[in-house]
Amino acid sequence: MNIGTYITVAAFGLVIGSFLNVVIYRLPLGMIVAAGRSFCPSCKTQLKWYCNIPVLSYMALRGKCGFCHAHISIRYPLVELLTAACGLYLLWQYHLSIPFYVFSALCCALIVIFFIDLDHQIIPDWITLPGIVAGLAVSFVPGGIGILQSAIGLVVGGGSLFLAAVIGEKLFKKEAMGGGDIKMAAMLGAFLGWQKVLLLFMAAAAIGLVVSIIWMALSAKLRKERLIPFGPFLALGAMLAIVYGDRLIQFYVQNFLHGN
Ligand SMILES: [Zn+2]
């Protein structure tokens, strides 16, 4: 694989990451993503093209709007870098094969869900519902996991969280798991299959537990005011399953199932 391919994927990743920032910001507010140029959220000034270059503009403007000098969140360049990093990792793992494109698209969806759920405590249906269909559809492509594995993944993923939601509601007398989480887990199951969806649940629960403990220790006020959304942890768990899933499952099978 030549270096040019890596550079191209990195550049594409930054540009797509820049687009994901727009999606994350605009869609929960009911704005049309494609309409109009980007603008400063603070002074609403339309950005010149040279203010729109991923990462570089942020660095050149030192994290401030060129017009009103309002602080621009470090999150914008981070989302761009994260998207590019996902692309580069997947290119290294899969080269320019079908899984590269499939997992790249899934990672973009995960990045969008991560930040929208963090900001608004919703996981949009317009990602998860088409995502479920897409997950089932790509199981047919060469190198795909196959429709049976995908369908079982969907049921195991969505079903587990549905059960967790029912039990949680009985135990705590309040909604513990939203419908958005259930649909997201079904989507991830359809893409990754049942083994990886179980793996990502364990990872998500472990990360969620650690973060919740830190969160509650830091602020008693937050504890009362809002539930910590589960979607971001599912997204992190899914990223881990994409990166380490095959190795972890192989390790488990070798050491625990074929044990000596
Ligand atoms: Zn501004």
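Residues numbered from 1 in each chain as written. Predicted model: local features only at pLDDT ≥ 70, side-chain atom pairs only at ≥ 80, totals over all residues. Heavy atoms only, no water.

**What about the overall build of the protein?**
Counting its regular elements, the protein contains 10 helices and 0 strands. When its helices and strands are written in sequence order, the protein yields α-α-α-α-α-α-α-α-α-α. Taken along the three principal axes of its C-alpha coordinates, the protein extends 65 × 55 × 35 Å. The 260 residues of the protein split such that 39% are buried. By sequence separation, contacts in the protein at least 24 residues apart represent 67% of the contacts at least 6 residues apart. Of the roughly 14,800 Å² that the protein leaves accessible, carbon and sulfur atoms contribute 71%. Computed over 17 positive and 9 negative side-chain charges, the inter-centroid distance for the protein is 9 Å. (Helix = DSSP H or I, 4+ residues; strand = E, 2+ residues; numbered from the N terminus. Buried < 20%, exposed > 50% of the residue type's maximum accessible area, 1.4 Å probe, protein only. Contact = heavy atoms within 4.5 Å. Areas by Shrake-Rupley, 256 points an atom, 1.4 Å probe, with all protein chains shown as cover. Lys, Arg positive; Asp, Glu negative; His and termini not counted. Charge placed at Lys NZ, Arg CZ, Asp CG, Glu CD.)

**Structural notes on the layout of surface pockets**
By volume, the second largest pocket is sized at about 560 Å³. Phe39, Leu47, Asn52, Ile72 and Tyr76 are the residues nearest the centre of the second largest pocket, which is lined by 29 residues in total. Put simply, the parts of the chain that give the lining of the second largest pocket at least two residues each are α1 (3–26), α2 (56–60) and α3 (75–94). Partitioning the lining of the second largest pocket into residue classes produces 18 nonpolar, 8 polar and 3 charged. (1 Å grid on protein atoms, 1.4 Å probe; cavity = no way out; pocket = protein on both sides within 12 Å on 5 of 7 lines; lining within 4 Å. Points joined across faces, edges and corners; volume = space filled by probe spheres on them. Nonpolar A, V, L, I, M, F, W, Y, C, P; charged D, E, K, R; others polar.)

**As for the coordination of the zinc ion**
Within the protein, the zinc ion binds to Cys40 (SG), Cys43 (SG), Cys65 (SG) and Cys68 (SG); these donor distances fall in the range 2.2 to 2.3 Å. Seen from the zinc ion, its 4 donor atoms lie at angles of 101 to 118 degrees, and the figure they make is tetrahedral. Sequence spacing of the donor residues for the zinc ion, all on one chain, is C-x2-C-x21-C-x2-C. Separated by 28 residues along the polypeptide, Cys40 in the loop between α1 and α2 and Cys68 in the loop between α2 and α3 bring together distant segments of the chain. Exposure remark for Cys40: the relative accessible area of 5% places this residue in the buried category. (Donors = N, O, S within 2.8 Å, 3.2 Å for Na, K, Ca; no water. Tetrahedral: all angles 85-135°; square planar, octahedral: opposite > 155°, others 65-115°.)

**Some remarks on the nonpolar core**
Core analysis: the largest hydrophobic core is formed by 48 residues, its most contacted members being Leu106, Leu110, Leu188 and Leu200. Looking at this core, the elements that each hand over two or more residues are α1, α3, α4 (98–120), α5 (125–138), α6 (147–172), α7 (179–192), α8 (194–218) and α10 (231–257). Apart from residues no more than four positions distant in its own chain, Leu110 is found in contact with Met184, Leu188, Ala235, Ala238, Met239 and Ile242. (Core = buried A, V, L, I, M, F, W, Y, C linked by side-chain atoms within 4.5 Å.)

**Section: unusual backbone geometry**
Positive phi values are uncommon outside glycine, yet Arg62 reaches one of about 55 degrees. Secondary-structure assignment places Arg62 in the loop between α2 and α3. Here Arg62 falls in the exposed class, since its relative accessible area comes to 70%.

**Some details on the state of the cysteines**
One pass over the structure, following the stated rule, counts 0 disulfides. With no disulfide of its own, Cys107 lies 4.3 Å from the sulfur of Cys86, the closest cysteine sulfur. Overall, Cys107 belongs to the buried group, its relative accessible area being 5%. (Disulfide = S-S within 2.5 Å.)

**Structural notes on the environment of Phe201**
Here Phe201 is to be found in helix α8. For the pair Phe201 and Val102, spaced 99 residues apart in sequence, the C-alpha separation works out to 21 Å. When sequence neighbours within four positions are dropped, the list of residues in contact with Phe201 reads Val156, Gly157, Ser160, Leu161, Ala185 and Leu234.

**What to know about α7**
Given 3.6 residues to a turn, an α-helix orients residues that are three or four positions apart in the same direction. When the terminal C-alpha atoms of α7 are compared, their 20 Å separation across 14 residues agrees well with the 20 Å that a helix rising 1.5 Å per residue should span. Within α7, 12 of the 14 residues are buried, which leaves it mostly tucked inside the rest of the structure. Taken residue by residue, α7 has Gly180, Asp181, Ile182, Met184, Ala185, Ala186, Met187, Leu188, Gly189, Ala190, Phe191 and Leu192 as its buried positions. Of the surrounding secondary structure, the elements contacted by the buried residues of α7 are α4, α5, α6, α8 and α10. Just beyond α7, the residue with positive phi is Gly193, at close to 90 degrees. (Expected span 1.5 Å × (residues − 1).)

**Some remarks on the packing of aromatic side chains**
Taken as a whole, this structure holds 6 aromatic pairs when the rule is applied. Ring plane angle 75 degrees and centroid distance 5.0 Å describe the contact between Phe100 and Tyr101, whose orientation is recorded as edge-to-face. (Phe/Tyr/Trp six-rings, centres within 6.5 Å; stacked < 30°, edge-to-face > 60°.)

**What to know about the side chain of Thr128**
Position of Thr128 relative to the elements: it lies in helix α5. Judged by relative accessible area, Thr128 falls into the buried class, the value being 0%. Leave out the neighbours within four places in its chain, and Thr128 touches Ile113, Ile123, Lys183, Met184 and Met187.

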